[in-house]
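# Survey of secondary and tertiary structure
Chain by chain, the residues run as shown.
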Amino acid sequence: MSTVAVIDYGMGNLHSVAKALEHAGVDGVQVAVTDDPRIIRSAERVVLPGVGAMRDCMAELQARGLTDVVREVAADRPFLGVCVGMQALMQRSAENNGVECLGVLPGAVEYFGDALVDPVSGERLKVPHMGWNEVQQTMAHPLWKGIPPGARFYFVHSYFVQPAGPELVAGSAHHGFPFAAALARGNLFAVQFHPEKSQHVGLRLYANFLSWNGRL
């Protein structure tokens, strides 16, 4: 039986993520929502979800003794970061006047800004970026299998990831300017959008993750 640990640090729609993983339809998968380092380390696959402020996210991970655990499992098995779970993997976030993150991936998390404007229409854009948006796949990856280029996923965020190099970007979206909607490196994949809120394409991405061996 394949095991998946959804890391519970008291923030985010953990059970929605777990239910979506279970609903993805891969036989023989057991999903556990847990903050137990032993269970997380023993899982074959790990998901780090999250919503809310980065300061609170990092404080909860530290309070539960999970920062080193996340770094460990993000290095050696199929690992998926979702929304704030993706941002937490970077080195630093500008949110809350600056927060040190996990440093799993090189790069930073930046604010969209209070005066974001569509460069074509001149229309003022809302922050947070909320709703459906197209994601362009910028690299071939097993987690994109069966998902068409330009598929629409559901986003809710005011901050975006700025990776250290373009080679980490697996998918991009546009809100005033292009931003990284998905990152990939080795056994790690991370998305800014919410697959569990993205209907059939989100479930397909979760199903792809559940059958992924962590290699490209």
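Being a predicted model, the structure only gives us computed values, none of them experimental.

What follows covers helix α3 (residues 54–63). Among the residues of α3, M54, C57, M58 and L61 are the ones counted as buried. For α3, the arc enclosing every buried residue in end-on projection is 90 degrees, short of the 170-degree limit, so these residues lie on one face. Against α4 (67–76), α5 (84–87), β5 (92–93) and β6 (99–100) lie the buried residues of α3. Count one or two residues on from α3 and you reach G65, which has phi positive near 70 degrees.

Considering all chains together, one arrives at 8 salt bridges under this definition. Residues R64 and E60 are paired through a salt bridge, measuring 3.4 Å at the closest nitrogen-oxygen approach. The exposure class of R64 is partly exposed, given its relative accessible area of 31%. Residue class for E60 comes out partly exposed when judged on its relative accessible area of 30%. Taken together, the shared-partner salt bridges in this structure form one network comprising D8, D35, E60 and R64.

On to helix α6 (residues 199–211). Relative to the 18 Å expected for 13 residues at 1.5 Å per residue, α6 spans 19 Å between its end C-alpha atoms, a close match to the ideal helical length. Along α6, the residues that are buried comprise V201, G202, L205, Y206, A207, N208, F209 and L210.

Counting residues in each nonpolar core, the largest one holds 77 residues, and the members touching the most others are W144 and F189. Those residues in contact with W144 that lie beyond four places of it in its chain are V135, Q137, M139, F153, A170, G171, A182, F189, F193, L205 and N208.

Next up on the list: the side chain of Q192. Within the secondary structure layout, Q192 lies in the loop between β14 (188–191) and α6. By relative accessible area, which is 0% here, Q192 ends up buried. Among the polar contacts made by the side chain of Q192, one reaches the side chain of Q87 at a distance of 3.0 Å.

Quick look at the state of the cysteines now. A complete count under the given rule lists 0 disulfides for this structure. Cysteine C57 shares no disulfide, and the gap to the nearest cysteine sulfur, in C101, comes to 7.5 Å. For C57, a relative accessible area of 0% gives the class buried. With a relative accessible area of 8%, C101 lands in the buried category.

Time to look at the packing of aromatic side chains. Going through the model one piece at a time under the given rule, you end up with 12 aromatic pairs. Measuring from centroid to centroid gives 5.8 Å for F155 and F179, while their planes differ by 85 degrees, and the two rings are edge-to-face. One end of the pair, F155, is in strand β10 (residues 152–157); the other, F179, is in strand β13 (residues 178–185), and 24 residues separate them in sequence. Of the two residues examined, F155 and F179, each falls in the buried class.

In this section: the environment of G85. Mapped onto the secondary structure, G85 falls in helix α5. A sequence separation of 78 residues divides G85 from I7, and the C-alpha atoms of the two residues are 9.6 Å apart. When neighbours within four sequence positions are excluded, G85 is seen to be in contact with L48, P49 and G50.

For L89, the location among the structural elements is in the loop between α5 and β5. Considered as a pair, L89 and V4 are 85 residues apart in the sequence and their alpha carbons are 19 Å apart. Among residues more than four places away in sequence, those in contact with L89 are L48, F79, L102, G103, V104, L105, L188 and A190.

Once that is clear, we can look at the packing of helix α1 (residues 14–23) against α6. Where α1 meets α6, the closest approach of the two axes is 8 Å, and the angle between their N-to-C directions is 75 degrees. The orientation of α1 relative to α6 falls into the category roughly perpendicular. Seen from α1, the contacting residues are V17, A20, L21 and H23; seen from α6, they are L203, Y206 and L210. The class makeup of the residues in the contact of α1 with α6 is 6 nonpolar, 1 polar and no charged.

About the cut-offs
Residues numbered from 1 in each chain as written. Predicted model: local features only at pLDDT ≥ 70, side-chain atom pairs only at ≥ 80, totals over all residues. Heavy atoms only, no water. Buried < 20%, exposed > 50% of the residue type's maximum accessible area, 1.4 Å probe, protein only. Helix = DSSP H or I, 4+ residues; strand = E, 2+ residues; numbered from the N terminus. Arc of directions from axis to C-beta. Contact = heavy atoms within 4.5 Å. Salt bridge = Lys/Arg side-chain N within 4 Å of Asp/Glu carboxyl O. Expected span 1.5 Å × (residues − 1). Core = buried A, V, L, I, M, F, W, Y, C linked by side-chain atoms within 4.5 Å. Polar contact = N/O pair within 3.5 Å; in protein donor to acceptor, adjacent residues only side chain to side chain. Disulfide = S-S within 2.5 Å. Phe/Tyr/Trp six-rings, centres within 6.5 Å; stacked < 30°, edge-to-face > 60°. Axes fitted to C-alpha atoms, helices over the stretch in contact; angles between N-to-C directions. Parallel < 35°, antiparallel > 145°, perpendicular 65-115°, else oblique. Nonpolar A, V, L, I, M, F, W, Y, C, P; charged D, E, K, R; others polar.

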